[in-house]
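So the chains spell out like this:
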Amino acid sequence: APADFTGTDVYQSSFDPQEYLKEFYNLSDSNNQPNTFLMHNLRSLHKMFSLDGLRGQTLIDIGCGPTIYQLLSACENFQEIFASDYTDQNRRELDKWLRKEPGAFDWSPVVQYVCELEGNREAWAEKEERLRKKVKQVLKCDVTKATPVALPPADCIVSTLCLEAACKDLATFRSAVKNIGALVKPGGHLVLLTVLQGTYYSFKNQVFSCLHLDENMVREALEAAGFDVRFHEKQPWPPGDPRADCEDVLSLVARKRAS
């Protein structure tokens, strides 16, 4: 593994959630260009959570960062949601939005976009309230631990843009997939969004490492962890976008085998 792969200590000491949100999670950028990366991801998540069987009592979000976009389609299908992230300031930032504190990030344009995908743009305020009610806790997690978060297995796990930043090499990635896979009940689902062929992402003059993955590596890790892939699609990373050097974003749903 590269010695200079960004470690947890760096995230804890210098990852700035507000700058990260500003850079990647506005629907249009400072030049009024649409954020195609975010829109693709929202459309993929909408598609994945529309698949048969992607519902149940409990959903766990692994590596939520300071974001809620990955829960907007999911929250219609599950009764309770547990969000989790390694970095303290990310969890605090998420809490700010959940508690409607001053200075919280304005997710309403993103929520409106998802409501439009669901066929009712006007329902965005109710969706925000529903999500706030359903998120029961925001917990610390560490995907390199055998039990990444202190929770019983859930019907579904969602993990977006987390593992490739948290795992310094393929062995660590494969074991992290097993670790989070153990949090899924047999017959339950794992919903994954990951970038492929990337080595870094950056914002506000800071660069964070990324594990260089291809689709086969991701599939093999899931199969080794006891999952069958049910759905996958790839979207190209916007060419020439200097904020990352990845080639594609892979969206994937896998079902845990019963035995």
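Calculation rules
Residues numbered from 1 in each chain as written. Predicted model: local features only at pLDDT ≥ 70, side-chain atom pairs only at ≥ 80, totals over all residues. Heavy atoms only, no water. Phe/Tyr/Trp six-rings, centres within 6.5 Å; stacked < 30°, edge-to-face > 60°. Buried < 20%, exposed > 50% of the residue type's maximum accessible area, 1.4 Å probe, protein only. Lys NZ or Arg CZ within 6 Å of the ring centre and 35° of its normal. Helix = DSSP H or I, 4+ residues; strand = E, 2+ residues; numbered from the N terminus. Pairing = 2+ DSSP bridges. Axes fitted to C-alpha atoms, helices over the stretch in contact; angles between N-to-C directions. Contact = heavy atoms within 4.5 Å.

In the nomenclature of an unreviewed UniProt entry, the chain corresponds to NNMT methyltransferase from the organism Centropus bengalensis.

A separate point is the packing of aromatic side chains. Across all of its chains, the model carries 17 aromatic pairs by this definition. Centroid distance phenylalanine 15 to tyrosine 20: 5.2 Å. Interplanar angle 50°. Geometry classified as tilted. Residue classification places phenylalanine 15 among the buried positions, given a relative accessible area of 5%. Residue classification places tyrosine 20 among the buried residues on the basis of a relative accessible area of 11%. Looking at arginine 132, its charged tip hangs above the ring of tryptophan 97, at a distance of 3.9 Å from the centre.

A separate point is the pairing of strand β1 (residues 56-62). In terms of burial, β1 is a largely internal element, 5 of the 7 residues being buried. As judged from the 3 bridges shared by β1 and strand β4 (residues 154-160), these two strands associate in the parallel manner. Opposite leucine 59, over in β4, you have cysteine 156 as the bridge partner.

Here the focus is the sheet that holds strand β5 (residues 184-196). Backbone-to-backbone hydrogen bonds join strands into a sheet, with any given pair of strands oriented parallel or antiparallel. Across the sheet, 7 strands lie side by side as β3-β2-β1-β4-β5-β9-β8; this open sheet has mixed pairing. Here the strands that pair on one side only, and so sit at the sheet edges, are β3 (135-140) and β8 (227-236). Going from strand to strand, the sheet's axes swing by 15° on average, the running direction of each strand aside. In the sheet, β4 pairs with β5 via 6 bridges, with the strands oriented parallel. Considered in β5, the bridge of isoleucine 157 is made with leucine 190. Packing of helix α4 (residues 88-98) onto the sheet brings it into contact with β2 (78-85) and β3, and relative to β3 it is tilted by some 165°.

What follows covers helix α5 (residues 108-117). Buried residues dominate α5, accounting for 7 of its 10 residues. Residues of α5 that are buried: Ser108, Val110, Val111, Gln112, Tyr113, Val114 and Cys115. Its buried side turned inward, α5 meets α3 (36-48) and α6 (124-134). At the exit of α5 stands glycine 119, carrying a positive phi of roughly 100°.

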